[in-house]
Amino acid sequence: MDEQREERPQKTPRFVSLKWKVGIVVSVVLIVVNSLIIYVAYRQSNEQFFQQKRDLLHQQQRTISGLLQRDYDLLTSFASFIPLLGDHSQAASEDERLRAVLDRHSALLGLEWGITSLSFFDSSTRLRYAWASNYDREGHARLARQAAETDAPAGRIDCTQNCVLTLAVPQLEGALRGGVLVLSRSIADGILHFQRLSGSEVAVLVQQPRQADSAGQNRQRYLARWQVAVPALSHPAITYDVLQLLQQRYTFDELTDETVFVQLRNQWFACLLGHDRAAGEGTAFLVVSPISNDLAQLDQANRIIVIAGVFGLIATGAILMLFLWKPMNRIRQLVTALPALGRSKFEALRDALPVRSGNIVADEIDVVVDSVQHLADDLETALEARTEAEQNLVWLADHDPLTNLFNRRRFQEIFDRILALGVRYQRTGALLFLDLDQFKFVNDLSGHQAGDALLLLVSSALRDTVRHSDILARLGGDEFALVLPESGAEEAIYMANKLQHEMKLLDFSSSGRMHKVSCSIGITLFPDHGKNLNDLLANADMAMYQAKEAGGGRWHMYSPDELAKELLASRAKWRERINQALIEDAFELHYQPIYDIREHRVTRYETLVRMRDTKGDLVFPDNFIPVAEQSGQIHEIDRWVIRKAIDRITENTKLSLAVNLSGRVLDDPSLLVWFQRQLQESRIDPSNLIVEITETAAVANVQDAISFMREIKALGCRFALDDFGSGFSSFAYLKQLPVDIVKIDGAFIQNLKSSEEDQLFVKALTDVAKGLGKVTVAEFVEDLDTLILLEAFGVDFAQGYHIGRPSPEMAVVL
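This report concerns the structure included in the present document.

As a further point, take the overall build of the protein chain. When helices and strands are counted, the protein chain shows 24 helices and 27 strands. For the protein chain, with 814 residues in total, the buried portion stands at 45%. Across the protein chain, the fraction of contacts at a sequence separation of at least 24, relative to all contacts at a separation of at least 6, is 62%. Roughly 43,600 Å² of accessible area belongs to the protein chain as shown, and the carbon and sulfur atoms make up 52% of that amount.

Here's what the structure looks like:
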């Protein structure tokens, strides 16, 4: 069971002025852009600061290396200078002579040169002399052997007890030639000199296992995690704490040659751990540079950047809003004025539109204002034209375009109300159904223009004869209906006689022929003869045929018993004539040419069925088709028409024929199978066969019509919709029906050159059909002027007496 859903009221979105939206967007954009600029400047400033600190620490590392290299150079110079020192003693050996020289110049060695120890090894690397008792004898011996082997100086830094630089220099000449002189010098002075030069602290780190502590190492200066001792450092109160903090955060390898920044007791330090080849593999130098003051300056610079960015943002936003404020106000005025356009208040719109900014230079807002003004002018003109067109369409919807009488739809609406009032208040009335006698002969002999002129003459006479309270309408063709409200049989008979008299007074001639004008009238009374429009019209129609069979030019009052007998007898007679015609093959096809307007030649024909009576006279389909449809004989007639058309195409394979089928074809389920078999047996091109049914038949059962059309097209044939436009909802059905060809009802073509309404309708119908990809055919083309108009409207094909009359033989063999 379907649940009914309550419709939720649509919430009206909250209105926010465009100027505030622009202001917010501009502010957001400015904030984002300014923030990015500040961020980039801040980031660049920080990166530059820290990069400078890294570069400074690396430079200081190089300074330490330079100081070490200087000490190396000094020791090398000392080693070369010592053999040259004079000695006035008469020593018996070189050892004694060297000892005497060194003892004599010990003050120079220790105080002036800063040498802490000195030893001499002969060419066999045996210790021949040692000055200073506390030194690393084994280390001196190793360096002496290394220098002797390489015949080049060899040095190292030893920080086991005190940081000293030891250098072994081979003696290549002089009194000590062949031996190796080993000298040691403390680097503490170099460290202090570095601290004075750079302002940074430095620490010497020596890798050694922990058990070395027991050998006398300073326990407070051993970093257990790194397994390094710190034998020498500047400003121990700060530097050693920094070392301990670094030990907690980094491994020794992570810190090597990497600049790190740490904070200790609200002070920031930049640290770099490096090695120097001259110091040996186990010795490293840590440079610690205080940067708190520099960071404070960096923070001050960053604050200036942020403050300047904020003030720049505010100033830029204010300037932009100042420039945008006036245009935004003009846009607000435009937005406020635009709703008046939707309400068609054009004067109010013009008064509310903003004033142009100037006549010399225009901007986009001026263009929009001008466009709105032009649009308002165009809409005002279009609205007036639309109102007029709507009035015309309303009139056309209720009136017949030829006679200006009520049409069938409007007649039915009014008659339904009259019947409802009659039933409710027990009021009587009469319905007169009029049909012109021999009207078809007027069309056949003098053309449809003559028929239209006769219809105009008759409608004018009828309008002048009836009362203002009577309802007069044209139902279609030459059929008229007249309703006499609150009238009985006497009033109806009086009006019928009066109308007959007026018809006889009419003189009508066309093409040199005089035509007698008369009509047959069927009379029904309501509610006695029916309580709905369909029953009353059907009874009036039967009564009218009674009048025609009585000779025409008279009226007949509906009588249920009498009319039923006569009607049954008439229908039985026609059924017998139709059966005899089917047996004796008394039907024949007539062909009316269809003219291709663009190619200016006849390209196909429409087949029209006729019947010959026993005298050999031609009987038109209006006489036997209604009976055949009621009796079901129409199915045999449809098959006969299709079969004959296929035979004719078989004789001429270039021939294209349009076959008219009745509306009852939709009720014949076996037709499609039979049709397919006929096509297969004949082997004709199915596209040469066009199947037509009327719009009225298709609309009566839309779904069956759509299914039938699709199956016909599946066989390869084309499909045409005949008499299109006769229904009020033609355009709506055109989109649904899968037809290839649309044949415009002749009622809109007959007066095309003189009727603007018909021209409007035909042009609109053609445009719609073209838009849906369908071919258009105009019927009842009676003259060259109409054909020229159709060509201008884009209609594809035309047929009518101007092109050619129906004939048993084709005028042009394709």
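In terms of burial, strand β19 (residues 587–596) is a largely internal element, 9 of the 10 residues being buried. Alignment of β19 against strand β20 (residues 601–612), held across 10 bridges, turns out to be antiparallel. Each bridged residue has a counterpart across the sheet, and for Pro593 the counterpart in β20 is Tyr605.

In this description, an aromatic ring pair is defined by two values, namely the gap between the centres and the angle between the planes. Summed over the entire model, instances satisfying the criterion amount to 9 aromatic pairs. Centre to centre, the rings of Phe415 and Phe526 are 5.4 Å apart; their planes meet at 70°, and the pair counts as edge-to-face. Taken together, the residues span a long stretch of sequence, with Phe415 in helix α11 (residues 408–425) and Phe526 in strand β17 (residues 519–526) at a distance of 111 residues. A residue is classified by how much of its surface remains accessible, and Phe415, at 0% relative accessible area, is buried. The structure contains a cluster of three or more aromatic residues connected by ring pairs, namely Phe49, Phe50 and Phe261. Cation over ring: Arg577 sits above Trp574, and NZ or CZ is 4.1 Å from the ring centre. The positively charged end of Arg805 is found above the aromatic ring belonging to Tyr801, 4.0 Å away from the centroid.

Turning our eyes to something else, we now look at the pairing of strand β2 (residues 127–131). Of the pairings in the sheet, the one linking strand β1 (residues 115–121) to β2 comprises 4 bridges and is antiparallel in character. Following the sheet pairing, Leu118 is matched in β2 by Trp131. With antiparallel pairing between neighbouring strands as the criterion, β1 and β2 make up a hairpin whose turn holds 5 residues, including Thr125 at a positive phi of roughly 60°.

The subject of this paragraph is the sheet that holds strand β4 (residues 164–170). Here we have 5 strands laid out as an open sheet, ordered β2-β1-β5-β4-β3, and antiparallel in their pairing. Of all the strands in the sheet, just β2 and β3 (154–158) have a single pairing partner and so form its edges. In this sheet, neighbouring strand axes are inclined to one another by 15° on average, regardless of whether the strands run parallel or antiparallel.

Here we take up unusual backbone geometry. For the peptide bond that leads from Phe526 to Pro527, omega is 15°, which places it in the cis range. Structurally, Pro527 is set in the loop between β17 and α15 (533–549). With phi around 60°, Gln227 is a residue other than glycine that occupies positive phi space. Within the element layout of this structure, Gln227 appears in the loop between β7 (222–223) and β8 (228–233). Phi is positive for His600, which is not a glycine, with a value near 60°. Taking the relative accessible area as the measure of exposure, His600 reaches 48% and is therefore partly exposed.

Attention now goes to the side chain of Asp722. Along the polypeptide, Asp722 turns up in strand β24 (residues 718–724). Ignoring any residue separated from it by four or fewer positions in sequence, one finds Asp722 in contact with Glu606, Asn660, Glu692, Ile693, Thr694, Glu695, Lys743 and Glu779.

Here we come to the sheet that holds strand β14 (residues 479–485). Read across the sheet, 5 strands follow the order β13-β14-β12-β17-β18 without closing on themselves; strand pairing throughout is mixed. Only two strands of the sheet have a single partner each, and these edge strands are β13 (471–476) and β18 (555–557). Going from strand to strand, the sheet's axes swing by 20° on average, the running direction of each strand aside.

Cut-offs and rules
Residue indices begin from 1 for each chain and proceed along its sequence in written order. Restriction of local features to residues with pLDDT of at least 70 applies here, the model being predicted, together with a cutoff of 80 or more for giving and counting side-chain atom pairs; totals for whole chains, interfaces and linings are based on all residues. To get the side-chain values, all heavy atoms of the structure are used, and hydrogens and water are removed first. Secondary structure follows DSSP: runs of H or I at least 4 residues long count as helices, runs of E at least 2 residues long count as strands, and numbering of each begins at the N terminus. Relative accessibility under 20% of the residue-type maximum defines a buried residue, over 50% an exposed one, and the middle range a partly exposed one, all with a 1.4 Å probe and only protein chains included. By definition in these notes, contact holds between two residues if any of their heavy atoms fall within 4.5 Å. Each accessible area is a Shrake-Rupley estimate made with a 1.4 Å probe; only the visible protein chains count as cover when residues are assessed. Strands were regarded as paired on the criterion that DSSP finds at least two bridges between them. What counts as a ring pair is set by centres within 6.5 Å for rings of Phe, Tyr and Trp (its six-membered ring), and what kind of pair is set by the plane angle: stacked under 30 degrees, edge-to-face over 60, tilted for all other angles. Note on geometry: a ring has a charge over it if NZ (lysine) or CZ (arginine) is within 6 Å of the ring centre and within 35 degrees of the ring normal. A fitted line through C-alpha atoms serves as each axis, taken over the contacting stretch for helices, and the angle formed by two N-to-C directions is quoted from 0 to 180°.

Keep in mind these numbers describe shape, not what the thing actually does.
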